[in-house]
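What the coordinates show
These are the residues of each chain, in order.
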Amino acid sequence: MSVSAVATDPAICAPLPVLGRDVRVPLVTGGEVDYAALDYAASAPALQRVWDDVAAYAPYYGSVHRGAGYLSQLSTDLFENSRRTIAEFLGCRADEQVVFTRSTTDSLNLLAAVLPQDTRVFVFETEHHASLLPWEQRADVTVTYLNAPRTPAQAVATLEQALADREPYGPALVCVTGASNVTGELWPVRELAAAAHAHGARIVLDAAQLAPHHPVDLAELDVDWIAFSGHKLYAPFGAGVLAGRADWLRDAEPYLAGGGASRKVSRRTDGGVDVEWHTTAARHEAGSPNVIGAYAIASACKALTEAGFDTLVAREQELITRVREGLAEVPEVRVLSLFGDDAPRVGVLSFVVDGWNSSHFAAALSAEYGIGVRDGLFCAHPLVRTLLGSDPQDPGECGAPEAAPGELSLNAIRVSFGAGTPDEHVDRFLRAVKELVADGARWNYRTVDGRCVAVV
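Values in this document were obtained by computation on a predicted structure and should not be read as measured data.

What follows concerns the sheet that holds strand β16 (residues 374-376). Judged by pairing direction, the sheet is antiparallel, and its four strands sit side by side in the order β13-β14-β17-β16 without closing on themselves. Strand pairing shows two members of the sheet lacking a second neighbour, β13 (333-335) and β16, which therefore form its edges. Pairwise comparison of adjacent strand axes, ignoring direction, gives a mean angle of 30° for this sheet.

According to the stated counting rule, one finds 12 aromatic pairs in the structure shown. The interplanar angle of 85° and the centroid separation of 4.9 Å between the aromatic rings of W356 and F361 together place this pair among those described as edge-to-face. You'll find W356 and F361 in the same group, each marked buried. Members of the aromatic cluster, connected to one another through ring pairs, are F351, W356, F361 and F429. If you follow R166 out to its NZ or CZ, it ends over the ring of Y169, 4.1 Å from the centre. Lying over the aromatic face of Y369, R442 brings its terminal NZ or CZ to 5.3 Å of the ring centre.

Opposite charge on two side chains allows them to pair when their charged atoms are near. Scanning the model with the defined rule gives 27 salt bridges in all. For R268, the salt bridge is made with D274, and the minimal N-O distance between the two is 3.2 Å. Residue R268 is classed as partly exposed on the basis of its relative accessible area of 33%. A salt bridge links R428 to E424, with the shortest nitrogen-to-oxygen separation between them at 2.9 Å. Note that R428 and E424 are positioned in helix α14 (residues 423-439) at a spacing of four residues, about one turn of the helix.

With that settled, consider the nonpolar core. One finds I86 and L90 to be the most contacted residues of the largest nonpolar core, which totals 86 residues. In terms of residues, this core owes the most to one element, helix α10 (residues 291-307), which gives 11 residues. Each residue touching L90, except ones within four places of it in the same chain, is listed here: V216, D217, L218, I226, F228, V241 and A243. Judged by nonpolar contacts, the second largest core, of 34 residues, contains V323, L327, F351 and L365.

Time to look at the pairing of strand β7 (residues 172-177). Buried residues dominate β7, accounting for six of its six residues. Neither face of β7 is left uncovered, since the one carrying A172, V174 and V176 and the one carrying L173, C175 and T177 both have all their residues buried. Note that strand β5 (residues 120-124) and β7 share four bridges and pair parallel. For V121, the partnering residue across the bridge sits in β7 and is L173.

Here we come to the pairing of strand β10 (residues 240-244). The element β10 is extensively covered by neighbouring structure, given that five of its five residues are classed as buried. Neither face of β10 is exposed, since G240, L242 and G244 on one face and V241 and A243 on the opposite face are all buried. Both strand β4 (residues 97-101) and β10 contribute to a ladder of five bridges, which runs antiparallel. Bridged to F100 within β10 is V241.

Glancing now at unusual backbone geometry. Here the residue pair E167 and P168 is connected by a cis peptide bond, since its omega of -5° sits within 30 degrees of zero. Among the structural elements, P168 can be located in the loop between α6 (152-165) and β7. The residue F378 is not glycine, and still its phi comes out positive at about 60°.

Procedures and definitions
- Residues numbered from 1 in each chain as written.
- Predicted model: local features only at pLDDT ≥ 70, side-chain atom pairs only at ≥ 80, totals over all residues.
- Heavy atoms only, no water.
- Pairing = 2+ DSSP bridges.
- Helix = DSSP H or I, 4+ residues; strand = E, 2+ residues; numbered from the N terminus.
- Axes fitted to C-alpha atoms, helices over the stretch in contact; angles between N-to-C directions.
- Phe/Tyr/Trp six-rings, centres within 6.5 Å; stacked < 30°, edge-to-face > 60°.
- Buried < 20%, exposed > 50% of the residue type's maximum accessible area, 1.4 Å probe, protein only.
- Lys NZ or Arg CZ within 6 Å of the ring centre and 35° of its normal.
- Salt bridge = Lys/Arg side-chain N within 4 Å of Asp/Glu carboxyl O.
- Core = buried A, V, L, I, M, F, W, Y, C linked by side-chain atoms within 4.5 Å.
- Contact = heavy atoms within 4.5 Å.

This is how it looks when you write it as structure tokens:
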């Protein structure tokens, strides 16, 4: 089925078909329904196009860069063509590299590993842990955590002041998200990049939540690196990307030492070995490459490009408006926001419900309505604590609420959606929220291993 045919199919009502759209799940109240996957911010379902492409390639699977046989050569071509497809998708410039990693987290840890000695890193406390934590692993790197801004302009001003005040004046890196994984709000990436460069710093963009929803272009945004994950971009299989400037990557020791990263290894007369490392992306891709993961990301990039981001963004904005307006009809619901209700955002919204433990509410959505959302602190603990107005030491863990059903807890509920979300899933979600708030849960729940589950 072509992309254009899918977009007009009233039975699907989503721009792109995804796996799992016809999966049926049981309800504790009896019967079963189509599963409503509204947890795209954690892992988006794989596009049917991606799955079909991978399945078509699977019989031809071979070891990349490792053999003279036909399948090895074919796999090598597929792997390197995937790199070129992703470079085009990201608007990479000619001298920039696309390095394949395992995830956004792995990409940012790789960048942290190649930072020059004595680099100063500036990161807002609002970041996902993947972009908040890697820099502390370097004893010779200084990290400055910036307070949560309440407007995009304040974010730029805060960064400019921090960069201007830094001493000594040396290599510096700014790490910023493109779209919050908690609120979905878009950050002023171009303005932050301009501020970074004006003060002699470089900037890396965590595009894990931005790339699946909006076009991401290195040159247009004027960022130095982009990191993202395949499993956010409708292409699971454990692959990610770090793309951008080559010099720090080329000058640093390999992220992993091993085959593939080395060009030449020879014994020395003293019994040791001398190693000549690659200067290309292979320098940081030691071991047998994840060719299926790379190909899956490239396939997703092609599918999103062919569908057209203008079409995808317009339709997603309609869903965002519908969700926001629907939740606004329930006085007990408070949507979390950093920049205000009118801030532009992607299809990610978090909220709390007066009188409800967020884990209990999410469990009821699943057990009684077949709706999958996420609850917790979303691996962005400082941000969620700020949005909830809590003390930094208040109890609460990501994905492991401590309170029993019916008790308040330091957690929120997140609903997220994208190109594969049918209208019916959003309508069912809004109906479920209103019914749960008005009538309460129809089932009993208890906490098991840190999770709230229905009693069966």
